[in-house]
Amino acid sequence: MKIAIVGAGMQGRIAARALCEKGFQVTLFDANDQNLAMVRDLPGMKKTRCDVKDRRRFLKAARAYDILVGALPASLGYYLMNCAISAGVDLVDMSYLAEDPFTLHSAAKRRKIRIVPDAGYAPGLGNVLVGKTYQDWGGLDRVKIMVGGIPRKPEPPFNYRITWSPVDLLAEYTRPTRIMVNGRIKNVPTLSGLEEFAVRGIGRLECFYTDGLRTLLKTIRARNMEEKTIRYAGHANLIKAILDAGLAAGKPTVVGGRAIDRREYLIEFLKQELGRGSIKDITVMIIELQRAGKQRRYLCLDRYDGRNNITSMARMTAYSAAIFAQCVKQFPGYGVVPPEYLGMKKEIYEFVRRELLSYNIKLIRT
């Protein structure tokens, strides 16, 4: 099977290597020669300079592959899905796109292809676990997802080390959050719903509302659902104070006779301030599910891979996408296939679980 990775950034490079090592023919597409130069050559891997925005050239190239794996910025996710439909090629996409992927369901179904959106860690792998339990129990009453990446050695005052785009991080902290309350979608303030808890071997943590339910709001009929981001205790209030002061607003502030955009300044500030310290990180995912008196809890703890110099967040995101790419063609149907639908198929779920173990990623279920 021939797989094209679209985007040779960190996630794309890791996914490409993972699929190569599983014996697939992999080609990395990127418009940036420097990104491609950072990719270590492996047997069965090719690198091609190609700008996806050159639609005609990209579509011609894409049609030669069985599966596309999207590893582009969120702003290009919906565009890539449209390209996959035009090319008639299955797509597993990691981008956290702002658009609703279900608007492309009919078009993808007509072309007899599968598009898996949000194919990362959370959303992504977490959705698979929700879908698995939903299928096992014939429904769910309550879904609570808590997930996040944190540095192994936190540095005050933020106690957080950024491992991805500061633009996307700021978007996570500012976009409206949707949860399900008594069967209805409700908007709540992002960074609210603060809870503190402790994890053995890590310390005191907190979690707060962010908009991570996404496709689950349409596919899972549960009366109550929520998703919260995990950080070290104290992080949310510090970020909230910055946002409340108006620094994320796209307004100019005149300094020394020169207008400075507050939002652009904040993004650069976060890039520098949250770029301090070691990249060695820990990811934590806790999923609590309930149905008619039954309860199930998943715990996934993962740590920085020192041998291969890969952050845990990159591991969890890229490996999840690589695993989905290997099994997406087993899904019996076409259209937009969110990760929870993969979890509802027993054979696919078991494949995902076994592949995770091959990367020493363990899911503890109680």
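For clarity, every value in this text was computed on a predicted model and none was experimentally measured.

Caption draft 1: Quick peek at the packing of helix H3 (residues 55–62) against helix H4 (residues 77–87). For the pair H3 and H4, the least separation of the axes is 9 Å and the interaxial angle reads 55 degrees. In this view, H3 runs oblique relative to H4, as classed from their interaxial angle. The two elements H3 and H4 cross, and the hand of that crossing is right-handed. Where H3 approaches H4, its residues Arg55, Phe58, Leu59 and Ala62 are matched on the opposing element by Tyr79, Leu80, Asn82, Cys83, Ser86 and Ala87. Of the residues assigned to the contact of H3 with H4, the class counts are 7 nonpolar, 2 polar and 1 charged.

Caption draft 2: Examining the sheet that holds strand S4 (residues 67–70) more closely. Overall, parallel pairing links the 7 strands, which are arranged S3-S2-S1-S4-S5-S6-S17 in an open sheet. Because the sheet does not close on itself, it has two edges, and the strands there are strand S3 (45–49) and strand S17 (335–336). Along the sheet face, helix H1 (residues 10–21) touches strand S1 (2–6), strand S2 (25–30) and S3 and points at about 165 degrees away from the line of S2.

Caption draft 3: Structural view of the packing of aromatic side chains. Enumeration over the complete set of coordinates arrives at 6 aromatic pairs. On the numbers, 6.3 Å between centres and 65 degrees between planes, the contact of phenylalanine 158 with phenylalanine 269 is edge-to-face. Residue phenylalanine 158 is found in the loop between strand S7 (142–151) and helix H7 (166–174), and its partner phenylalanine 269 is found in helix H10 (residues 262–273); the two are separated by 111 residues along the sequence. Given the relative accessible area of 5%, phenylalanine 158 is considered buried. Phenylalanine 269 gets classed as partly exposed once you look at its relative accessible area, which sits at 27%. Considering the side-chain rings of tyrosine 319 and tyrosine 359, the 4.0 Å spacing of their centres and the 10 degrees angle between planes classify their relative orientation as stacked. Here the residue tyrosine 319 occupies a position in helix H11 (residues 312–327), and tyrosine 359 occupies one in the loop between helix H13 (346–358) and strand S18 (364–365), the gap between them amounting to 40 residues.

Caption draft 4: Focus on the nonpolar core. In this structure, Val130, Leu140, Ile220 and Met225 are the most contacted members of the largest nonpolar core, which totals 70 residues. For leucine 140, the residues in contact, after removing those within four places along its chain, are Val130, Thr133, Tyr134, Ile220, Arg221, Ala222, Arg223, Leu289, Gln290 and Arg291. Of all hydrophobic cores here, the second largest spans 25 residues; its members include Cys50, Val52, Leu72 and Ile85.

Conventions adopted
- Residues numbered from 1 in each chain as written.
- Predicted model: local features only at pLDDT ≥ 70, side-chain atom pairs only at ≥ 80, totals over all residues.
- Heavy atoms only, no water.
- Axes fitted to C-alpha atoms, helices over the stretch in contact; angles between N-to-C directions.
- Helix = DSSP H or I, 4+ residues; strand = E, 2+ residues; numbered from the N terminus.
- Parallel < 35°, antiparallel > 145°, perpendicular 65-115°, else oblique.
- Left-handed = near helix turned anticlockwise from the far one by under 90°.
- Contact = heavy atoms within 4.5 Å.
- Nonpolar A, V, L, I, M, F, W, Y, C, P; charged D, E, K, R; others polar.
- Pairing = 2+ DSSP bridges.
- Phe/Tyr/Trp six-rings, centres within 6.5 Å; stacked < 30°, edge-to-face > 60°.
- Buried < 20%, exposed > 50% of the residue type's maximum accessible area, 1.4 Å probe, protein only.
- Core = buried A, V, L, I, M, F, W, Y, C linked by side-chain atoms within 4.5 Å.

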